[in-house]
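Coordinate inspection notes
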Amino acid sequence: MTNKLVLMDGNSLIYRAFFALPLLNNDKGVYTNAVYGFTTMLLRMLEEEKPTHMLVAFDAGKTTFRHATYKEYKGGRQKTPSELSEQFPILKELLTAFGIKHYQLEQYEADDIIGTLSKQARDKGFDVTVISGDKDMLQLVDETVTVNVTKKGISEVEKYTPSYMLEKMEITPKQIIDLKALMGDNSDNIPGVPGVGEKTATKLLKQYETIEEVYAHLDEVSGKKLKENLETYKADAFMSKELVTINRESPIDVTIDDAKYTEYQPSEVSGIFKELGFQSLLNKMTGEESVEEATVSLDEIDYTIVEEISAAMFTGKEAVVIEMLGENYHQAAIEGIGLVNDNAAYFIPTELAIKSAAFKDWAEDESKKKSVFDAKKTLVALLRHDIHIKGITFDMLLASYLLDPSENNLDIPAISSRMGKAMAKSDEEVYGKGAKQKVPETAVLSEHIARKANALYAIQPEMEALLEENEQADLLLDLEMPLALILGEMESQGVLVDKSRLEEMGVDLKERLANLEAEIYDLAGEEFNLNSPKQLGPILFEKLGLRAIKKTKTGYSTAADVLEQLENEHEIIPKILMYRQLGKLQSTYIEGLLKVVNKDTSKIHTRYNQALTQTGRLSSIDPNLQNIPIRLEEGRKIRRAFVPSEKDWIMFAADYSQIELRVLAHIANDEKLIAAFKSDLDIHTQTAMEVFHVEKDEVTSNMRRQAKAVNFGIVYGISDYGLSQNLGIPRKEAKSFIDRYFDIYPGVKQYMEDIVQEAKQHGYVKTIMNRRRYLPEITSRNFNLRSFAERTAMNTPIQGSAADILKKAMLDLDEKLKEEKLQARMLLQVHDELILEAPKEEIEKLKEIVPAMMENTVELIVPLKVDYAYGDSWFDAK
DNA sequence: TCGCGCACGC
DNA sequence: GACGTACGTGCGCGAG
């Protein structure tokens, strides 16, 4: 067997890892992210390369022999952050535990050590693999030396062989030196020749091979400026070449034999892993179930590519996968359909399915049971081909979401592999991602889709059993799944937008923004990019000498709460605030909305994500219709553009009043809070009366504001710190507010204590409809993590139950509208409100039905209250 | 392409 | 006493 030497560029890789990963620290406050990243890479190398010899090279110190040539070498570099430098010794300790040699040499860099060792090894007939984050290393590539360069952080490497280099970079390994000599390298402060970048350098080298030859034929080089620069900076070019050339004859006092590697002892390593808090690596090493399956070997699958659809194919119980690429299913094409039942697995080409009467009959037959992944997407996709799917009895996406809402890797392959059955490749593996996403050849596509349908079919019973165990079967079957269909219809229906209104507002805003901009530049005494906080900061806090109140990672904070405190100190401030407000309207709401209006229908079709939030709320994207402005009049006018889609119809909006606090009164069973809601007084005034011990008439607007903030804080689970920020008061005062609140509402206090205990005991909290949220960090020794988990424990049942209630109300209302044969239809849901459109004649009926459905969908100890309004636009429905 | 700062809603 | 703050989406900037 050939010997295999793996050489790792310690410095380069640990830097990469440090910047690629969030700044994790373990429970002792020691930063470990770079070591962690390096270790994952190391483990991967050991597994993939199976080295017989291994060595990690480090840079020795500040100065190297290269500094004698050029004292500015690596000049202008940022100092290594202490969070990183403290990780070097840890890494070396870890390497020792692995039994892996590490080495550094005064005056030389890791590159030189690697260059020298790889040469020696090659001469002894070794196979060599070098791993680095630095492309300079590519000069070492030859038939026996492969160089892996990390890309995109550290999770992937690109393997460079001589042929791959020629294909990718169009030059040979040796020419890397010449390439760098010409183009320079900013990070190492290597000058190169000005005006020569990768493109030009490659062109020159393809023609002349080396810079020596380039200069020998300088008169032939085309381009006056280029020739001039080459001439002027000739010395720099040659010096650069010297600097980037790796020394392959370094005076190292380590031999290849010293790098001999035998398999590491888990017992040696596990101690350090434990100390560092590398739980996942520990699990992996000890062979426990690991989250990421390294390689999945898939069983063979038999499936038929359907040529003609017949009713006989269907048994009445099947899994069906409508495959679409691209994220917007309102627009994306169906790539193909997978169908699996007890008898067979099929791939059905899209054209065949949508033209087939047998397929439509099957899809629309309520008695034919279907399992799907993402019922809403499936519904919408088929609706676009005039097929109204019915009989969906299982949705794997929603099932998985209910089992654990924190899971964000949600597709059939990922879910099935978590359920212990790897039955399909990941979508990313099959389709690629980002710009490179594409549909593979038919054979690959059809197999993938058939596999997914197969996995869906196979795993459904196990997921149903888990839901049953959690007492969540009803939540899926009677709440989320029917809701998915309603949401799908709402999305497909869309909401009509009066584009001309938006455009008129845009014209007006444009002018006002231009004026403000000019005034601000005038006051600042210079022009700059007003949209860049990074540029605005120094203008305000250095040039104009205003007080810097808060800092961010990247400089001064210029956030609204900071600027508001400076409002009276300089007339530029209110103008900036106004500019920001109007700029937001222009970019996000005018331009942003216009971009997503369907050209043919003038409608907007948002997408609700029903399997995302940790609390059970929906979210809305493309566009987000859940954050259309309302608080400030200026922004609220945006709502004028949302209008009914038919003549003589109106927009009808209904929202719950204080639903979260009512839910809190209910689950905390707090007498005072219950009484407050039963008397139907303004809850914030009521709270103010209690907290400040005053009569109703004595409650000032300021008292009410503070009481409101405390109520708000309780509902959203913010801390005393959060409340203090909100009210602009010291934290101590905020804390005393909260304490007084708890004195008044002891039931609430009791609930907060109990729910945290419950979370500790079970590991999760739940809503009134048994939605769960797991809180593993509730037992963390880290104060922050633990506190956050505790507040989440208090908050999630409140927010989540409120979400449950509105969801159920939507089902009830939908049914009632059908029952009453009304034309009115739901269009939007915004967490505690529903927006409908309806013919004018139905207004009276809606005034009765909508609040009644919403208020009575569940029975709590306190009444639910719904306010409603209607008008010619969403704006007017207030 | 990604993280950040900022801003909008509930 | 720590330390940084509910749940989301989207914009423009600026570094890689």
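Whatever comes next refers back to the structure up there.
Let me begin by describing the structure that accompanies this report. No experiment lies behind these values; they were computed from the predicted model shown.

**Digging into the pattern of salt bridges**
Throughout the structure, instances matching the rule amount to 44 salt bridges. Of the charged contacts, one joins Glu323 and Lys452 as a salt bridge, the two residues approaching to 3.0 Å between their closest N and O atoms. With a gap of 129 residues between them, Glu323 in strand β8 (residues 317-324) and Lys452 in helix α21 (residues 442-469) connect regions that are remote in the sequence. Residue classification places Glu323 among the buried residues on the basis of a relative accessible area of 5%. Look at Lys452 and you get buried, because its relative accessible area is 4%.

**Overview of the sheet that holds strand β13 (residues 495-497)**
Judged by pairing direction, the sheet is antiparallel, and its three strands sit side by side in the order β16-β13-β19 without closing on themselves. Looking at which strands have only one partner, the edges of the open sheet turn out to be β16 (603-604) and β19 (642-643). Where β13 meets β19, two bridges bridge the pair, whose relative direction is antiparallel. If you follow Val497 over to β19, its bridge partner there is Phe642.

**A short note on the protein's contact with DNA strand C**
The full set close to DNA strand C counts 29 residues, and Ser532, Asp622, Asn624, Tyr716 and Tyr721 are the nearest of them. A share of 53% of the atoms of DNA strand C within 4 Å of the protein falls on sugar and phosphate groups. Within the side chain of Asn627, a nitrogen or oxygen atom sits 3.4 Å from a base nitrogen of DNA strand C. In the model, a base oxygen of DNA strand C is placed 2.9 Å from a nitrogen or oxygen of the Asn784 side chain. Listed by contribution, the elements that provide at least two residues to the surface near DNA strand C are α24 (533-543), α26 (572-596), β18 (619-621), α32 (720-727) and α35 (783-819). For the surface near DNA strand C, the leading source of residues is α35, giving five residues. Partitioning the surface near DNA strand C into residue classes produces six nonpolar, 16 polar and seven charged.

**Some points on the protein's contact with DNA strand B**
Taken together, 23 residues form the shell around DNA strand B, and within it Thr558, Ala560, Asn627, Ile630 and Arg631 come nearest. Sugar plus phosphate, as a fraction of atoms of DNA strand B within 4 Å of the protein: 83%. Thr558 places a main-chain nitrogen or oxygen 2.6 Å from a phosphate oxygen of DNA strand B. At 3.5 Å from a base oxygen of DNA strand B is found a side-chain nitrogen or oxygen belonging to Tyr716.

About the thresholds
- Residues numbered from 1 in each chain as written.
- Chains lettered and ligands numbered in written order.
- Predicted model: local features only at pLDDT ≥ 70, side-chain atom pairs only at ≥ 80, totals over all residues.
- Heavy atoms only, no water.
- Salt bridge = Lys/Arg side-chain N within 4 Å of Asp/Glu carboxyl O.
- Helix = DSSP H or I, 4+ residues; strand = E, 2+ residues; numbered from the N terminus.
- Buried < 20%, exposed > 50% of the residue type's maximum accessible area, 1.4 Å probe, protein only.
- Pairing = 2+ DSSP bridges.
- Near = heavy atom within 4 Å.
- Polar contact = N/O pair within 3.5 Å; in protein donor to acceptor, adjacent residues only side chain to side chain.
- Nonpolar A, V, L, I, M, F, W, Y, C, P; charged D, E, K, R; others polar.

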